Amino acid sequence: MKLDTSKVEFSKTDVKNNLKIPSTLTPELSYLIGIHVGDGTMNIYRRKDGFNGYPIGYSGHLIDEKEFHIRMIKPLFKKLFNKSIRIRFDRRKNHSCINSYVNSKGIITFFNRVIGLPLGSKRDIHIPEIIKQSSKKIKKEFIKGIGDTEFSLVFKKRYKNKHYYPVISFSTQSKNLQKDIIEILTELGFNLWYISEYPTSRNGKPLFTNQINLNGVGNLNLWMKEIGFNSTKHLTKYNVWKKYGVCPSKTNILQRQKILKGEIDINSFKGL
């Protein structure tokens, strides 16, 4: 799909650094849009001195998502925009997060005016119309992007005493986003369970969320066939389960990599 980039504005820094803007909606761009809808933030900060800020950022767990930021997010920005993204590691106690960020008037106006991504709050965000009107391939890449950042893959005990039963789940404050994702997943043949405006809390404050669950082996197999994961956080869980038929809960990516290499005995985990 051709994109109308006439509304994109470039700063002097963008021009100096030879920023480029995609002219077509490719699978890679759709994937990045999914990442942004799942985990991205952006806004325009206007200052009195005329030096405005155009920050775009992504955050994740320092251990579980470090490789994803370095191996996926950083190269995507370089390839699509010729822009080097900065990565910061926050190793303070009780933080342990990774932040990837970039400042660009050209990218932020492209995301906002061409793609339709909102500035500021994403409370009522929905899937951009250009994604919803595109091919299945484009939709799948979008779902993969949001899946890598905001979906979870867990293995529950269910009827046994081990973590064998796969559940792919998603939770959002946006009912619009839940509705849009349900439509795409249904189109792709998934058997979903979902609930809207489910009462919960965060930091002691009441919160309503909209959830989607893809339960069972059939849904997981269909996900891996039609969509898949790029996130090593998810892939290591899947590969451990594929190899052993179970995946211990509360393990991190480093532990799962060692399990797969045979450096840690999977039976050493309690409550397997």
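Everything discussed here concerns the structure shown above.
The present account deals with the structure reproduced in this document. (Residues numbered from 1 in each chain as written. Predicted model: local features only at pLDDT ≥ 70, side-chain atom pairs only at ≥ 80, totals over all residues. Heavy atoms only, no water.)

**Examining helix α2 (residues 27-39)**
The end-to-end C-alpha separation of α2 is 18 Å, in line with the 18 Å expected for 13 residues at 1.5 Å each. The element α2 is extensively covered by neighbouring structure, given that eleven of its 13 residues are classed as buried. Those residues of α2 that fall on the buried side of the exposure criterion are Leu29, Ser30, Tyr31, Leu32, Ile33, Gly34, Ile35, His36, Val37, Gly38 and Asp39. (Helix = DSSP H or I, 4+ residues; strand = E, 2+ residues; numbered from the N terminus. Expected span 1.5 Å × (residues − 1). Buried < 20%, exposed > 50% of the residue type's maximum accessible area, 1.4 Å probe, protein only.)

**Concerning the environment of Ser196**
For Ser196, the position within the fold is in strand β7 (residues 193-202). We classify Ser196 as partly exposed; its relative accessible area is 29%. Distance in space between the C-alpha atoms of Ser196 and Leu25 is 31 Å, their sequence separation being 171 residues. Here Ser196 is in contact with Lys175, Gln178, Thr209 and Asn210, once residues within four sequence places are set aside. A polar contact of 2.8 Å, which involves the side chain of Ser196, links it to the side chain of Gln178. (Contact = heavy atoms within 4.5 Å. Polar contact = N/O pair within 3.5 Å; in protein donor to acceptor, adjacent residues only side chain to side chain.)

**With respect to unusual backbone geometry**
If a residue is not glycine, its phi is most likely negative; likewise, a peptide bond is most likely trans. Even without a glycine there, the phi angle at Asn82 is positive, about 55 degrees. Even without a glycine there, the phi angle at Lys250 is positive, about 60 degrees. Position of Lys250 relative to the elements: it lies in the loop between α9 (232-244) and α10 (253-261).

**A look at the pattern of salt bridges**
Considering all chains together, one arrives at twelve salt bridges under this definition. One salt bridge connects Glu9 with Lys105, and the closest N-O pair in it is separated by 3.2 Å. Here Glu9, found in the segment before α1 (12-16), pairs with Lys105, found in helix α4 (residues 105-115); they are 96 residues apart in sequence, far enough to count as distant. Assessed through its relative accessible area of 33%, Glu9 is described here as partly exposed. (Salt bridge = Lys/Arg side-chain N within 4 Å of Asp/Glu carboxyl O.)

**Some thoughts on the sheet that holds β7**
Pairing within the open sheet is antiparallel, and its four strands lie in the order β5-β6-β8-β7. Of all strands in the sheet, those with a lone pairing partner are β5 (152-156) and β7, marking the two edges. Ignoring which end each strand starts from, the neighbouring axes of this sheet average 35 degrees apart. As judged from the six bridges shared by strand β6 (residues 165-172) and strand β8 (residues 205-215), these two strands associate in the antiparallel manner. Bridge pairing in β8 places Phe170 opposite Ile212. Sheet strands in contact with helix α8 (residues 216-226) are β5, β6 and β8, and its direction is about 70 degrees off that of β6. Here α9 sits on the sheet and contacts β5 and β6; the angle it forms with β5, its principal contact strand, is near 30 degrees. (Pairing = 2+ DSSP bridges. Axes fitted to C-alpha atoms, helices over the stretch in contact; angles between N-to-C directions.)

**Here we look at α4**
α4 sits mainly inside the fold: nine of its eleven residues count as buried. Among all positions in α4, only Lys105, Gly106, Ile107, Ile108, Thr109, Phe110, Phe111, Val114 and Ile115 are buried. A distance of 3.3 Å separates the backbone nitrogen of Gly106 from a side-chain oxygen at the start of α4, and that oxygen is part of Ser104. Positive backbone phi, approximately 95 degrees, marks Gly116, located one or two places after α4.

**Brief notes about the environment of Val217**
Within the secondary structure layout, Val217 lies in helix α8. C-alpha of Val217 to C-alpha of Val167: the two residues are 50 residues apart in sequence and 8.3 Å apart in space.

**What about the packing of aromatic side chains?**
The full count for this structure, using the stated rule, is twelve aromatic pairs. Ring plane angle 20 degrees and centroid distance 4.8 Å describe the contact between Phe151 and Phe170, whose orientation is recorded as stacked. Taken together, the residues span a long stretch of sequence, with Phe151 in the loop between α6 (136-150) and β5 and Phe170 in strand β6 at a distance of 19 residues. Each member of the pair Phe151 and Phe170 is classed as buried. Ring pairs connect the aromatic residues Tyr58, Phe77, Phe81, Phe110 and Phe111, which therefore count as one cluster. (Phe/Tyr/Trp six-rings, centres within 6.5 Å; stacked < 30°, edge-to-face > 60°.)

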